[in-house]
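Topology and contacts: notes
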2 protein chains.
Amino acid sequence: MDQVEVFKALSNKTRLQILNWLKSPATHFPDQPNADFENVGVCVGQIQIKSGLSQSTISEYLSILQRAELINSTRVGQWTYYKRNEEGFAELGKLINQEL
Amino acid sequence: MDQVEVFKALSNKTRLQILNWLKSPATHFPDQPNADFENVGVCVGQIQIKSGLSQSTISEYLSILQRAELINSTRVGQWTYYKRNEEGFAELGKLINQEL
DNA sequence: AATGTATATCGACTTTTCCCGATATGCCAA
DNA sequence: TTGGCATATCGGGAAAAGTCGATATACATT
């Protein structure tokens, strides 16, 4: 886990918001069809709509968060679903408490 | 504590290093004269020398860290001493565990 | 095979960050 | 009060991040 990379990923209001939305997908994305939040998460399009930013920006943001190991993706057909990677958050907590 | 601001402050290798140095000042700054690390911390010049970056850059970095509430400063004569603000780190830990 | 939909990638432009050197400010000593 | 340090601030140039629209890719449906 690259420290600078993870903090950069967290240095943006929209990306922080996305992480927060993904904490309770059923609440924040009630319109996702065939929702299977536990297993796969939320698809890009839903996040994009809710964010109000462009499709390309959100796609980019999601890969930044993924490179930082804060979320995971699963491709199902033409959709890519993203969900939080709680192991990454645990590692981040340890980093803050022990290394910073 | 502004979330984006604190993560931006942490998004830089040199600034992370400074925070780490300030964890054990006696080890990292053995040459500081009249060291009173517990009370005031380490002065700008010592940090600047150790970092290898310019004086203006380090002064700037220290105020970024201070605005993020991660360090405190004390002015004594012509020196400004900086030390870690452990309350800020505690708050950051809480942020990660509870809000992110 | 052709079309439609979801996502990723590309190219461009703007804003922010990274650093520097030069200058200003504040404090101390002669 | 003049000169010398320590630090802060200013102005700028280069690199990175933010954000978009356009295009490419990948899959699904007809």
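The structure this text deals with has already been given above.
Quick caveat, the model's predicted, so the values are computed rather than measured. (Residues numbered from 1 in each chain as written. Chains lettered and ligands numbered in written order. Predicted model: local features only at pLDDT ≥ 70, side-chain atom pairs only at ≥ 80, totals over all residues. Heavy atoms only, no water.)

Concerning the pairing of strand β2 (residues 71-76) of chain B
Here β2 of chain B runs beside strand β3 (residues 79-84) of chain B; their pairing, made up of 6 bridges, is antiparallel. Note that in β3 of chain B the partner of V76 of chain B across the bridge is W79 of chain B. (Pairing = 2+ DSSP bridges. Helix = DSSP H or I, 4+ residues; strand = E, 2+ residues; numbered from the N terminus.)

Re the relation of the copies chain A and chain B
Of the two same-sequence chains, chain A is brought onto chain B (RMSD 0.0 Å, axial shift 0.0 Å) by a rotation of 180 degrees. Each copy turns onto its partner about a two-fold axis. The C-alpha atom lying nearest the rotation axis in chain A is that of F7 of chain A; the distance is 2.6 Å. Take the interface residues of chain A: 100% of them recur as interface residues in chain B, which is what a same-surface contact looks like. (Least-squares fit on C-alpha atoms with pLDDT ≥ 70 in both. Contact = heavy atoms within 4.5 Å.)

Side note on the protein's contact with DNA strand C
Lining the immediate environment of DNA strand C, one finds 23 residues, of which G45 and Q78 of chain A together with K8, S54 and Y61 of chain B sit closest. Take the atoms of DNA strand C that sit within 4 Å of the protein: sugar and phosphate atoms are 61% of them. At 2.7 Å, a backbone N or O of G45 of chain A approaches a phosphate oxygen of DNA strand C. Between a base oxygen of DNA strand C and a side-chain N or O atom of S56 of chain B, the distance comes to 2.8 Å. Going through the elements one at a time, α4 (44-51), α5 (55-67) and β3 (79-84) of chain A together with α5 (55-67) of chain B are the ones with two or more residues in the surface near DNA strand C. Broken down by class, the residue content of the surface near DNA strand C amounts to 6 nonpolar, 13 polar and 4 charged. (Near = heavy atom within 4 Å. Polar contact = N/O pair within 3.5 Å; in protein donor to acceptor, adjacent residues only side chain to side chain. Nonpolar A, V, L, I, M, F, W, Y, C, P; charged D, E, K, R; others polar.)

Notes on the sheet that holds β3 of chain A
Strand pairing within a sheet occurs via backbone hydrogen bonds; the two strands may be parallel or antiparallel. Residue and element names in this part refer to chain A. Taking strand neighbours across the sheet as the criterion, the 3 strands line up as β1-β3-β2 in an open arrangement whose pairing is antiparallel. Looking along the sheet, the strands with just one partner apiece sit at the ends: β1 (42-43) and β2 (71-76). Its contacts with the sheet place α5 against β2 and β3, and it is angled at close to 120 degrees to β2. (Axes fitted to C-alpha atoms, helices over the stretch in contact; angles between N-to-C directions.)

A few points about the pairing of β3 of chain A
The side chains of a regular strand alternate, residue by residue, between the two faces of the sheet. Residues and elements named next belong to chain A. Pairing of β1 with β3, which is carried by 2 bridges, proceeds in the antiparallel orientation. Following the sheet pairing, C43 is matched in β3 by Y81. Between β2 and the antiparallel strand that follows it, β3, lie 2 residues; G77 among them carries a positive phi value of about 60 degrees.

Observations concerning the packing of aromatic side chains
All names here are of chain A. A complete count under the given rule lists 3 aromatic pairs over all chains for this structure. With a centroid separation of 6.2 Å and 85 degrees between ring planes, the pair formed by W21 and F29 is classed as edge-to-face. For the pair shown, W21 and F29 are each scored as buried. One Lys or Arg, R15, reaches over the ring of Y61 and ends 4.8 Å from the middle of that ring. It is R84 that lies over the ring of F89; its NZ or CZ is 3.9 Å from the centre. (Phe/Tyr/Trp six-rings, centres within 6.5 Å; stacked < 30°, edge-to-face > 60°. Buried < 20%, exposed > 50% of the residue type's maximum accessible area, 1.4 Å probe, protein only. Lys NZ or Arg CZ within 6 Å of the ring centre and 35° of its normal.)

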